[in-house]
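What follows is the residue order along each chain.
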Amino acid sequence: MVDDNNFPGRRGPLSRRAFLQLSAGAGLLAALGPTALCAASDTLNVREIPASGQRIPVIGLGTARTFNVDPDNAAAMRPLEQVLQNFYGGGGRLVDSSPMYGQAETVVGQLAERLDIADDLFMATKVWTRGREAGIEELEASRKRMGGGHLDLVQVHNLVDLQTQLDTLKAWRDEGRVRYIGVTHYTVSSHERLTRIVEREPIDFVQFNYNIATRHAEKRLLPAAAHNGVATLINEPFERGSLFGRVKGESLPEWTKELGIESWAQLFLKFIVSHPAVTCAIPATSDPEHATDNIGAAHGPLPDADQRERMASLVRSL
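Residues numbered from 1 in each chain as written. Predicted model: local features only at pLDDT ≥ 70, side-chain atom pairs only at ≥ 80, totals over all residues. Heavy atoms only, no water.

1. Considerations on the sheet that holds strand β3 (residues 61-62)
Part 1: Sheet architecture is open: 8 strands sit in the order β3-β4-β5-β6-β7-β8-β9-β10, paired in parallel fashion. With partners counted over all chains shown, the strands left at the sheet margins are β3 and β10 (280-281), one partner each.
Part 2: By the bridge criterion, 5 bridges tie strand β8 (residues 205-209) to strand β9 (residues 231-235) in an arrangement that is parallel. Pairing of V206 across the sheet is with T232, part of β9. (Pairing = 2+ DSSP bridges. Helix = DSSP H or I, 4+ residues; strand = E, 2+ residues; numbered from the N terminus.)

2. Details of the pairing of strand β7 (residues 178-184)
As a general feature of sheets, a regular strand has side chains that alternate between the two faces.
Part 1: Burial within β7 is extensive, with 7 of its 7 residues counted as buried.
Part 2: Sheet topology places strand β6 (residues 151-156) next to β7; 5 bridges connect them, and they run parallel. In the strand pairing of β7, Q155 is matched with G182.
Part 3: With helix α5 (residues 162-175) bridging β6 and the parallel β7, this β-α-β connection has right-handed handedness. (Buried < 20%, exposed > 50% of the residue type's maximum accessible area, 1.4 Å probe, protein only. Right-handed = clockwise from strand over helix to strand, strands pointing away.)

3. Notes on the packing of helix α4 (residues 132-145) against α5
Part 1: Where α4 meets α5, the axes come as close as 9 Å, and the angle between the chain directions of the two elements is 50°. The orientation of α4 relative to α5 falls into the category oblique. Read as a crossing pair, α4 and α5 show a hand that is right-handed. Contacts between α4 and α5 involve R132, G135, I136, L139 and E140 on the former and, on the latter, T164, Q165, T168, L169 and W172. (Axes fitted to C-alpha atoms, helices over the stretch in contact; angles between N-to-C directions. Parallel < 35°, antiparallel > 145°, perpendicular 65-115°, else oblique. Left-handed = near helix turned anticlockwise from the far one by under 90°. Contact = heavy atoms within 4.5 Å.)

4. Overview of the pattern of salt bridges
Part 1: Within this structure, the stated rule accounts for 17 salt bridges.
Part 2: In this structure, the salt-bridge partner of E105 is R145, at a minimum N-O distance of 2.8 Å. Of the two residues, E105 is situated in helix α3 (residues 104-114) and R145 in helix α4; the sequence distance between them amounts to 40 residues.
Part 3: Judged by its relative accessible area of 0%, E105 is buried.
Part 4: Here E201 ties to K170 by a salt bridge, and the two come within 2.7 Å at their closest N and O atoms. Residue E201 is found in the loop between α6 (191-200) and β8, and its partner K170 is found in helix α5; the two are separated by 31 residues along the sequence. (Salt bridge = Lys/Arg side-chain N within 4 Å of Asp/Glu carboxyl O.)

5. Looking at the nonpolar core
Part 1: Core analysis: the largest hydrophobic core is formed by 81 residues, its most contacted members being L84 and V183.
Part 2: No other element matches helix α9 (residues 264-273), which puts 8 residues into this core.
Part 3: Judged by nonpolar contacts, the second largest core, of 13 residues, contains I49, I56, L153 and Y180. (Core = buried A, V, L, I, M, F, W, Y, C linked by side-chain atoms within 4.5 Å.)

6. Description of empty space enclosed by the protein
Part 1: A full pass over the atoms with the stated rule returns 2 cavities of 30 Å³ or more.
Part 2: In this structure, the second largest cavity spans a volume of roughly 30 Å³.
Part 3: Residue contributions to the lining of the second largest cavity peak at 3 residues, all from helix α10 (residues 288-296).
Part 4: Here the lining of the second largest cavity is composed, by residue class, of 5 nonpolar, 3 polar and no charged. (1 Å grid on protein atoms, 1.4 Å probe; cavity = no way out; pocket = protein on both sides within 12 Å on 5 of 7 lines; lining within 4 Å. Points joined across faces, edges and corners; volume = space filled by probe spheres on them. Nonpolar A, V, L, I, M, F, W, Y, C, P; charged D, E, K, R; others polar.)

7. Thoughts on the packing of aromatic side chains
Part 1: Following the criterion strictly, the structure yields 8 aromatic pairs and no others.
Part 2: A ring pair is formed by F122 and Y180, whose centres lie 5.9 Å apart and whose planes are at 20°; its orientation type is stacked. Remark: Y180 occurs in strand β7 and F122 occurs in strand β5 (residues 122-127); sequence separation between them is 58 residues.
Part 3: Look at F122 and you get buried, because its relative accessible area is 3%. (Phe/Tyr/Trp six-rings, centres within 6.5 Å; stacked < 30°, edge-to-face > 60°.)

8. Description of helix α11 (residues 305-317)
Part 1: Here α11 is 13 residues long and its end C-alpha atoms lie 19 Å apart, about the 18 Å a rise of 1.5 Å per residue gives.
Part 2: Within α11 the residues assigned to the buried category are Q307, R308, M311, A312, L314 and V315. An end-on view of α11 places all buried positions within 155° of arc, on one side of the element. Turned more than 90 degrees away from the buried face of α11 sit A305, D306, R316 and S317, all of them exposed. (Expected span 1.5 Å × (residues − 1). Arc of directions from axis to C-beta.)

9. Brief notes about the side chain of Q165
Part 1: Within the element layout of this structure, Q165 appears in helix α5.
Part 2: Within the local environment of Q165, its side chain forms a polar contact with the backbone oxygen of G131, the two atoms lying 3.1 Å apart. (Polar contact = N/O pair within 3.5 Å; in protein donor to acceptor, adjacent residues only side chain to side chain.)

10. Regarding the environment of M123
Part 1: Among the secondary structure elements, M123 is positioned in strand β5.
Part 2: With a relative accessible area of 0%, M123 lands in the buried category.
Part 3: Spatially, the C-alpha atom of M123 lies 8.3 Å from that of R93, the residues being 30 residues apart in sequence.

11. Section: the packing of helix α2 (residues 74-89) against α10
Part 1: Relative to each other, α2 and α10 sit at 15°, their axes nearing to 8 Å. Relative to α10, the element α2 lies roughly parallel. The chirality of how α2 crosses α10 is right-handed. For the pair α2 and α10, contact is made by P79, Q82, V83, N86 and F87 and by P288, A291, T292 and I295, respectively.

So, in structure tokens, the structure goes:
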């Protein structure tokens with residue numbers, strides 16, 4: 001979320017404050033192109049948002065299911081505060097939420113304020129309703145719940161009432177009330193429709209499911225996003241946790257150490273974010289240790305094409 005008094009235009013240059021926000025965290029953000037990768041072991045990998053040139057770390061934080069707790073329940077909030085602290089401390093910045101996720105937007109907003117990091121985070125949420133006025137009302141509520149400032153990204157959640165909500169988001173972007181706009185879904189069956197939207201609509205982001213076991217997006221959606229200058233957010237990076245069941249009891253091969261991989265979660269995430277058309281993956285967790293592990297995948301070398309296929313083959317064999 002950027003400073004209310006220093007809100008950069010959609011395609012304008014970043015202010016010094018915004019640049020410093022993006023450069024904070026573990027490791028200096030290198031000056032990379034949209035598909036370049038940082039290779040040093042202590043480097044935070046970032047990708048460029050094509051619409052503006054702004055760079056964000058390749059691992060974000062999802063909040064579906066995990067952040068839907070009572071914000072007045074201190075015991076429930078305590079581990080989530082540590083999740084957000086660990087994520088931020090490891091260089092993470094993009095946090096993705098939705099009014100569909102119960103109390104998640106409120107929890108994110110309160111914890112970010114408590115940790116005094118709200119201005120440093122890239123706040124992403126969604127509109128999930130039908131009708132123009134209902135959409136505007138929901139957008140205003142989301143803005144207040146997530147801290148009251150400008151929202152960095154708003155997406156039409158699961159394409160609900162797509163054209164109505166997208167028209168509002170275009171107007172909000174033109175007015176400077178939101179910096180980026182996009183669309184989302186979480187099923188393979190939605191990929192063709194998402195591809196058509198990417199090809200026809202002036203959106204900045206598209207969010208969809210993609211992981212080492214479900215690679216359908218590689219056929220048309222990821223190439224279309226790259227060709228049309230649309231940033232990508234990746235949900236379901238662990239296939240709703242089923243990938244961990246597949247590798248349960250298995251040790252990581254020795255060759256994964258050359259990629260700085262310390263866990264299966266990091267292998268799954270590094271596979272995703274090493275695709276040149278992927279901007280950011282957004283694993284969700286309510287476990288502080290998992291948050292630390294996940295953001296660790298944003299650091300160090302990323303696999304090349306041959307290494308990616310070796311990783312996929314390994315998982316298929318288990």
